[in-house]
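Structural overview
The residues making up each chain are set out below.
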Amino acid sequence: MRVFVASLATETNTFSPLYVDRSAFETAFYCPPGMHPDTPTLCSAPVVAARRRAGTDGFTLIEGTATWAEPAGLVSRDAYESLRDEILGQIERAMPLDVVLFGLHGAMVARGYDDCEGDLLARARAIVGPGCVIGAELDMHCHLTDKRVAAADVLVAFKEFPHTDFLKRAEDLVDLCLRTARGEFEPVSEVFDCRAMSGFMTSRQPGRDFVDRMLAMEGRDGILSVSIAHGFAAADVYDVGTKVLVVADGDANRPKAKALAEALGREILGWGPSGGSPHHYKPEEAVAQARAEEGQPIVFADRWDSPGGGVAGDSSAMVEVLLRHPDLPAAIGALWDPVAVSLCRGAGAGAEIPLRFCGKAASTSGDPIDAVVTVRATTDDLRIPFEQSWVSLGPAAAITIGNLDIVLVTGRAQTFSPPAFTDLGIDLSRKKMVVVKSSNHFYAAFSKIAAKIHYLDTGGPYPADVTKVTYHKARRPLAPLDPNPWL
Ligand SMILES: [Zn+2]
């Protein structure tokens with residue numbers, strides 16, 4: 001058996017002013033064939049999962065390119081086409097193939113391509129023909145278009161948010177595709193379109209129990225795989241919104257898959273537009289809450305300024321508020337500001353300098369802060385763990401203003417884990433309030449050190465409130481912009 005694997009991924013916030021060219025992929029994560037590390041990244045786990053299975057099963061694995069750009073705005077046409085054609089060329093040269101596996105994200109939008117993954121999968125299908133099994137792993141924050149469902153045999157999305165299961169889902173994908181190629185299964189897919197922009201966290205209820213039940217349904221009664229594509233509301237594309245995908249074995253199980261997809265979709269809709277989402281504190285309210293609570297640190301996520309959502313991560317909103325509370329021991333990070341980092345590195349650790357920082361990338365970033373700061377520490381590369389992967393935030397600096405410590409970075413990435421602070425000498429156990437730039441991926445690692453975790457609404461820029469966004473391409477009706485036709 002001959003198996004090919006490649007990965008092409010990013011998440012596109014079409015409202016973000018940060019544009020993505022090929023160098024954004026090459027800088028963030030770019031592995032030519034065979035150069036992928038032993039550890040997976042968020043969207044390249046099928047490479048690692050396929051390698052491990054090749055070791056035990058003895059098939060021939062041909063590796064293609066694996067690349068990722070940090071979520072941002074539109075991808076350039078040249079970046080997408082050149083990376084796509086690089087991978088398609090590798091597939092052509094690897095023929096004949098029995099299985100083609102992709103690690104995708106599923107929310108990449110390039111100039112002229114609203115459905116990059118559908119385009120890639122359809123072109124791959126045209127090369128390998130109907131007899132080859134095509135499978136892809138998707139982030140749950142994807143646009144589940146009909147084109148990609150039609151082009152692939154098996155699509156498997158992450159189930160967990162935070163995404164603690166990217167390697168497990170890649171293993172599921174590889175297993176389903178290998179068994180399909182061996183003739184054990186005939187996968188068929190059914191999709192229920194919730195006609196809503198929604199989503200839920202699995203670090204809390206009702207999402208936690210819901211996903212545990214989904215997992216228990218798989219591998220029984222003809223149901224092979226169940227995925228919820230939560231969708232990614234920060235994209236003006238036709239297929240934005242939440243969909244349920246059920247993969248069953250054989251046409252005989254199609255009615256069962258269709259009914260299950262609809263039942264799960266209706267259950268999500270029953271939770272209402274917030275999907276059981278937690279209270280989001282306004283900035284001053286958050287400070288008062290941190291002061292009122294027992295223990296420390298109280299960790300707050302600045303959800304709508306998370307680089308993981310394609311925005312800059314340089315909003316000054318919470319820095320301004322924390323500076324109004326000089327008695328409060330606090331830390332905030334990681335803020336994206338390459339210029340300020342270079343100034344701090346030039347001055348060196350221990351220097352006291354006047355610094356202008358953050359609040360630059362967009363009008364929604366707020367105003368820059370001017371302050372006399374002490375450069376606490378600098379590093380050539382701030383590398384932090386996220387589950388089984390390592391993420392680089394690039395050259396970085398920690399600065400101190402009184403009781404407030406601030407982490408500034410050159411690489412735009414989420415604050416996945418405490419080493420974003422502790423590796424720069426900031427002791428989080430001495431902080432009453434810690435603010436992280438992340439939507440929910442911080443949760444697993446920070447829950448181990450936090451006295452309590454909360455979520456912030458600093459007003460943007462992600463879009464925090466979809467009812468205030470003008471969508472030109474989204475199919476309608478679509479709740480909460482319109483009444484939900486299912487309810
Ligand atoms: Zn995601």
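Throughout what follows, the structure given in this document is the object of discussion. The numbers attached to residues start from 1 for each chain and follow its sequence in the written order. Local features in a predicted model are, by the rule used here, given only for residues with pLDDT of at least 70; side-chain atom pairs are given and counted only at 80 or more, and totals for whole chains, interfaces and linings are based on all residues. Think of the side-chain values as coming from all heavy atoms in the structure, minus any hydrogens and water.

Before going further, it helps to examine the overall build of the chain. Helix and strand labels come from DSSP, where a helix needs a run of H or I of at least four residues and a strand needs a run of E of at least two; each type is numbered from the N terminus. Helices and strands together make up the secondary structure of the chain, namely 13 helices and 20 strands. We compute the radius of gyration over the C-alpha atoms and compare it with the globule rule, which gives 2.2 Å times the number of residues raised to the power 0.38. A globule of 487 residues ought to have a C-alpha radius of gyration of about 23 Å, and the chain, at 22 Å, matches this closely. Counting only C-alpha atoms, the chain reaches 65 × 50 × 40 Å along its principal axes. Burial here depends on accessible area, computed with a 1.4 Å probe over protein chains only, as a share of the maximum for the residue type. Under 20% is buried, over 50% is exposed, and the range in between is partly exposed. Across the 487 residues of the chain, 61% fall into the buried class. Note on contacts: a residue pair is in contact if any heavy atoms of the two residues lie within 4.5 Å. By sequence separation, contacts in the chain at least 24 residues apart represent 74% of the contacts at least 6 residues apart.

Within the protein, Asp139 (OD), Asp139 (OD), His141 (ND1) and His163 (NE2) serve as the donor atoms for the zinc ion, at 2.1 to 2.6 Å. Listed donor atoms are N, O and S within 2.8 Å of the metal (Na, K and Ca: 3.2 Å). As water is not included, a site may look incomplete. Geometry assignment treats four donors as tetrahedral when all angles are between 85 and 135 degrees, treats four as square planar and six as octahedral when opposite donors are over 155 degrees apart and all others between 65 and 115, and treats everything else as irregular. Coordination geometry of the zinc ion: the 4 donor atoms subtend angles of 54 to 146° at the metal centre, consistent with an arrangement described as irregular. Each donor residue of the zinc ion lies on one chain, and together they are spaced D-x1-H-x21-H. On the criterion of sequence distance, the pair formed by His141 in the loop between strand S5 (133-138) and helix H5 (146-151) and His163 in the loop between strand S6 (154-157) and helix H6 (166-181) is long-range, its members being 22 residues apart. One exposure class covers both His141 and His163, and it is buried.

With an omega dihedral of 0°, the bond running from Gln205 to Pro206 counts as a cis peptide bond. Mapped onto the elements, Pro206 comes out in the loop between strand S7 (187-193) and helix H7 (207-217). The backbone of Asp221 shows a phi angle near 55°, a positive value even though the residue is not glycine. Secondary-structure assignment places Asp221 in the loop between H7 and strand S8 (223-229).

A separate point is the nonpolar core. We call a set of buried residues a nonpolar core when its members are Ala, Val, Leu, Ile, Met, Phe, Trp, Tyr or Cys and they connect through side-chain atoms within 4.5 Å of each other. In this structure, Ile91, Phe102 and Phe421 are the most contacted members of the largest nonpolar core, which totals 107 residues. Per-element tally for this core: the top contributor is H6, with 8 residues. Those residues in contact with Ile91, other than ones at most four positions away along the chain, are Phe4, Leu97, Val100, Phe102, Ala124, Ile127 and Val128. In this structure, Ala286, Ala340, Ile353 and Phe357 belong to the second largest nonpolar core, which totals 35 residues.

Next up on the list: the pairing of S7. Within S7, 6 of the 7 residues are buried, which leaves the element mostly enclosed by the surrounding structure. One requirement defines pairing of two strands: DSSP has to find at least two bridges between them. Taken together, the 7 bridges between S7 and strand S9 (residues 243-249) define a ladder with antiparallel strand orientation. Its bridge partner lying in S9, Asp193 is registered against Lys243.

Take Thr10: it is sitting in the loop between strand S1 (2-9) and helix H1 (22-28). On the accessibility criterion, Thr10 (1% relative accessible area) is buried. For Thr10, the side chain forms a polar contact with the main-chain oxygen of Ala69, separated by 2.6 Å. Those residues in contact with Thr10 that sit more than four places away from it in its chain are Phe25, Trp68, Ala69, Glu70, Pro71, Val75, His105, Ala107 and Met108. Counting of polar contacts relies on pairs of N or O atoms within 3.5 Å, with two restrictions inside protein: one atom must be capable of donating a hydrogen and the other of accepting it, and residues adjacent in sequence are counted only when both atoms are side-chain atoms.

Here strand S13 (residues 352-357) shows a clear split, with Ile353, Leu355 and Phe357 buried on one side and none of Glu352, Pro354 and Arg356 buried on the other. Pairing analysis gives 6 bridges linking S13 to strand S14 (residues 369-379), with the strands arranged antiparallel. Note on S14: the bridge partner recorded for Glu352 is Thr374.

For the rest of this paragraph, the subject is helix H11 (residues 338-347). Taken together, the buried positions of H11 are Ala340, Val341 and Cys344. Projection of H11 onto a plane perpendicular to its axis shows the buried side chains occupying an angular sector of 100°, all on one side. The elements touched by buried residues of H11 are S13, S14, strand S17 (396-401) and strand S18 (404-409). Of the residues trailing H11, Gly348 is marked for its positive phi of about 90°. Taking the helix axis as origin, the arc is that swept by the directions to the C-beta atoms.

Two rings from Phe, Tyr or Trp (for Trp, the six-membered ring) form a pair when their centres are within 6.5 Å of each other. A pair whose planes differ by under 30 degrees is stacked, one over 60 is edge-to-face, and the rest are tilted. Across all of its chains, the model carries 15 aromatic pairs by this definition. Note on Phe200 and Trp271: the rings are 5.3 Å apart at their centroids and 90° apart in plane angle, and the pair reads as edge-to-face. One end of the pair, Phe200, is in the loop between S7 and H7; the other, Trp271, is in the loop between helix H8 (254-270) and strand S10 (280-281), and 71 residues separate them in sequence. Judged by relative accessible area, which is 4%, Phe200 ranks as buried. On the numbers, 6.4 Å between centres and 85° between planes, the contact of Phe421 with Phe446 is edge-to-face. In this pair, Phe421 sits in helix H12 (residues 419-422) while Phe446 sits in helix H13 (residues 443-446), placing the two residues 25 residues apart along the sequence.

Basic side-chain nitrogens of Lys or Arg form a salt bridge, by our definition, when they fall within 4 Å of a carboxyl oxygen of Asp or Glu. Applying the stated criterion across every chain yields a total of 42 salt bridges. One salt bridge connects Glu190 with Arg254, and the closest N-O pair in it is separated by 3.0 Å. In this pair, Glu190 is assigned in strand S7 and Arg254 in helix H8, connecting sequence segments 64 residues apart. Residue classification places Glu190 among the buried positions, given a relative accessible area of 15%. Notably, a salt bridge pairs Glu262 with Arg266, separated by 2.8 Å at the nearest N-O pair. Taken as a pair, Glu262 and Arg266 lie in helix H8 at a separation of 4 residues, close to a single helical turn. Residue classification places Arg266 among the partly exposed residues on the basis of a relative accessible area of 36%. The structure contains a network of salt bridges with shared partners spanning Arg53, Asp57, Asp175, Arg179, Arg182 and Glu184.

In spatial order, the strands read S10-S20-S11-S19-S12-S18-S17-S14-S13; together these 9 strands make up an open sheet with mixed pairing. Two strands bound the open sheet, and with one partner strand each, they are S10 and S13. With 5 bridges connecting them, strand S11 (residues 298-302) and strand S20 (residues 452-456) associate as parallel partners. Pairing of Ala301 across the sheet is with Tyr455, part of S20. Against the sheet, H11 makes contact with strand S12 (330-336), S13, S14, S17 and S18, and its axis sits at roughly 170° relative to S13, the strand it touches most. Simply put, an axis is a line fit to the C-alpha atoms, just over the touching stretch for a helix, and the angle between two N-to-C directions goes from 0 to 180 degrees.

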